[in-house]
Amino acid sequence: MKPKRLWQRFVPLVAAGALALAVTACSGDDGGSESVSASGEVTGTLRLGYFPNLTHAPALVGVEQGTFARELGAGVKLEPKTFNSGVQEAEAILSGALDAGFIGPNPAVNTFIRSKGEAIRIVSGVTAGGAALVVKPEITSVEQLRGKTLATPSLGNTQDVALRFFLQKNGLKTDTKGGGDVSIRPQENSVTVDAFKSGAIDGAWVPEPVASRLVAEGGTVLVDEADEWPETDGKFVTTVLLVRTDYLERNPQIIERLIAANISVIDQLNADPAAGQTAANDALETLTGKPLADDVVTSAWKGLTFGPDPVATSLFTSAAHQEELGLIEDPQLDGIFDLTILNRLLTAAGDPAVADK
C-alpha cells in the first residue's frame, strides 16, 4: 500500500452512512460525534494519546510529519497528547479525556477488564518486539538475579508482567511491594538509565530505545524477550491502537481514517527504515528537547517490527501470565478486538486480513 491519503480509497465504503451521521450527530464534552457538512466534509475532534518512545514510532512520525492530520481531513481537529506510561494513558481513556491512543497490550487489557469489557476496543496493531532485560555485565545467569533490584516501566505494564513471569518461571519470587527473591522497582523509563548508571538498579526489563540506551551505558542483554515467544516465532505485541468504544460508535469515519493513516505511516517506515529512524528521532527531539544517539536508534530499530497485525495470541497469553501472577483475576477478554475496519482496509488493498485470536 502507498503511504499517502490511504483513506480516500475507501470513502465509498462509508459514504452510504454519511447523511445519517449528519442527521444524528451530536456534541458533548467527551469528544463529541462526527458530522458531515453540506459539502461532504467530515468534521469532529480526535484526542489522541501516544508515548515519546520508539515503540510508538508510527504515532511519532504520523503526528510530527502531519500525516495523521492530513489523512483525517481539514474538518477534523487532531489534539495529540503524550504520556510516559500506559497506566497514565489508560486513566485518561477511562476518564473520557482521550478518544484513542497508542498503548501497550497489558494496559489495554487492564482497561478492558476494569470497564467490564465496555470502555475500549483495540482496532489495530502497531508494533511488535523490542523489549529486553538488560543487566550489569557481571550478571551472566538468571540465578545471579537473586537479591538484585530490577526496574520496569510501571506495575502491571507489558514489560513488568514479562519480567515477573520470567522470574517465576525460573523459580524466583517477586511481589508488588518490591520484596521477594528479586526486588522489582517500577519507575518511569525517563529515570531508568540514570538509575542504572548510578547503581541504584542492577538492570531493567524495558522497551526500546531504553534497552539500547542501557547497553550503551555498559549493560548487557541477559534476556531478549523475543526468545520467550517460541509459540509465535518470536513475535509479541508491544503497541496497539485502541479507541473508546463510544467514540468508535459515534465517529466511525474518523477512526477509519486514523487506522488508514496508521497503516500508511507503517508502510512508510518499512519502505525506508533509515528515513524512518531519522523521522522518529526528529519527533523525539521535538517532544523531549533531545534526540537519541544515532547508534542507539539503529540498535533499537533492529528489534522492532511495525505492522497492523496485533499478534492477538501474544496479548491473550500475556493476560494469562498476569492472571497466573495474581495481578488480575479471571480475565474475560471476548470483544477486546474490533478489527472490522482494519480488515476491510487491508482486504480492499489486497493485503491479508489479521486475526483477533
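Residues numbered from 1 in each chain as written. Predicted model: local features only at pLDDT ≥ 70, side-chain atom pairs only at ≥ 80, totals over all residues. Heavy atoms only, no water.

### A few points about the nonpolar core
- With 72 residues, the main nonpolar core has Leu-46, Leu-48, Leu-54, Phe-68, Ile-255, Leu-258 and Ile-259 as its most contacted residues.
- If one sorts the elements of this core by residue count, helix H11 (residues 252-271) sits on top with 10 residues.
- Beyond its immediate sequence surroundings of up to four residues, Leu-46 is in contact with Leu-72, Val-76, Lys-77, Leu-78, Glu-79, Asp-99, Ala-100, Tyr-247, Ile-254, Ile-255 and Leu-258.
- The next biggest cluster of nonpolar side chains, apart from the first, holds 17 residues, and it includes Leu-133, Leu-172, Val-182 and Val-223. (Core = buried A, V, L, I, M, F, W, Y, C linked by side-chain atoms within 4.5 Å. Buried < 20%, exposed > 50% of the residue type's maximum accessible area, 1.4 Å probe, protein only. Helix = DSSP H or I, 4+ residues; strand = E, 2+ residues; numbered from the N terminus. Contact = heavy atoms within 4.5 Å.)

### Quick word on helix H3 (residues 57-64)
- With 7 of its 8 residues buried, H3 lies for the most part within the structure.
- For H3, the complete set of buried residues consists of Ala-57, Pro-58, Ala-59, Leu-60, Val-61, Gly-62 and Val-63.
- Phi for Gly-66, located one or two positions after H3, is positive at around 80°.

### Focus: the packing of aromatic side chains
- The final tally for this structure, using the stated rule, is 5 aromatic pairs.
- Judged by centre distance (6.1 Å) and plane angle (5°), the ring pair of Phe-68 and Phe-102 falls under stacked. Residue Phe-68 is found in helix H4 (residues 67-72), and its partner Phe-102 is found in strand E4 (residues 100-103); the two are separated by 34 residues along the sequence. Assigned by exposure class, Phe-68 and Phe-102 land together as buried. (Phe/Tyr/Trp six-rings, centres within 6.5 Å; stacked < 30°, edge-to-face > 60°.)

### Here's the deal with the packing of H11 against helix H15 (residues 340-348)
- Closest axis-to-axis distance for the H11/H15 pair is 10 Å, and the angle between their directions is 55°. Accordingly, the angle class assigned to the pair H11 and H15 is oblique. Crossing of H11 against H15: the hand is right-handed. Only Ile-341, Leu-342, Arg-344, Leu-345 and Leu-346 of H15 make contact with H11, whose side of the interface consists of Pro-252, Ile-255, Glu-256, Ile-259, Ala-260 and Ile-263.
- In terms of residue class, the contact of H11 with H15 is made up of 9 nonpolar, no polar and 2 charged. (Axes fitted to C-alpha atoms, helices over the stretch in contact; angles between N-to-C directions. Parallel < 35°, antiparallel > 145°, perpendicular 65-115°, else oblique. Left-handed = near helix turned anticlockwise from the far one by under 90°. Nonpolar A, V, L, I, M, F, W, Y, C, P; charged D, E, K, R; others polar.)

### Side note on the sheet that holds strand E8 (residues 183-186)
- Spatially, E8-E7-E9-E6-E10 is the arrangement adopted by the 5 strands of the open sheet, whose pairing is mixed. The sheet terminates laterally at E8 and strand E10 (220-224), the two strands that pair on one side only. Sheet twist, expressed as the mean angle between neighbouring strand axes with direction ignored, is 25°.
- Across 5 bridges, strand E6 (residues 131-135) lies against strand E9 (residues 203-207) in antiparallel orientation. (Pairing = 2+ DSSP bridges.)

### Describing the environment of Lys-177
- Here Lys-177 lies in the loop between helix H7 (158-169) and E8.
- For the pair Lys-177 and Leu-248, spaced 71 residues apart in sequence, the C-alpha to C-alpha distance is 37 Å.

### Regarding the side chain of Glu-89
- With respect to the helices and strands, Glu-89 occurs in helix H5 (residues 86-95).
- Discounting chain neighbours no more than four positions away, the residues touching Glu-89 are Gly-49, Tyr-50, Phe-51, Phe-83, Leu-98, Gly-101, Phe-102 and Ile-103.

### Description of the pattern of salt bridges
- Throughout the structure, instances matching the rule amount to 12 salt bridges.
- A salt bridge links Arg-114 to Glu-91; its shortest N-O distance comes to 2.6 Å. With Arg-114 in helix H6 (residues 105-114) and Glu-91 in helix H5, this pair connects stretches of sequence that are 23 residues apart.
- Residue classification places Arg-114 among the exposed positions, given a relative accessible area of 54%.
- Residue Arg-344 pairs with Glu-256 through a salt bridge whose shortest N-O separation is 2.6 Å. Taken together, the positions of Arg-344 in helix H15 and Glu-256 in helix H11 put the pair 88 residues apart, joining distant regions of the chain.
- Judged by its relative accessible area of 4%, Glu-256 falls in the buried class. (Salt bridge = Lys/Arg side-chain N within 4 Å of Asp/Glu carboxyl O.)

So far we have only geometry, and geometry alone does not tell us how the molecule works.
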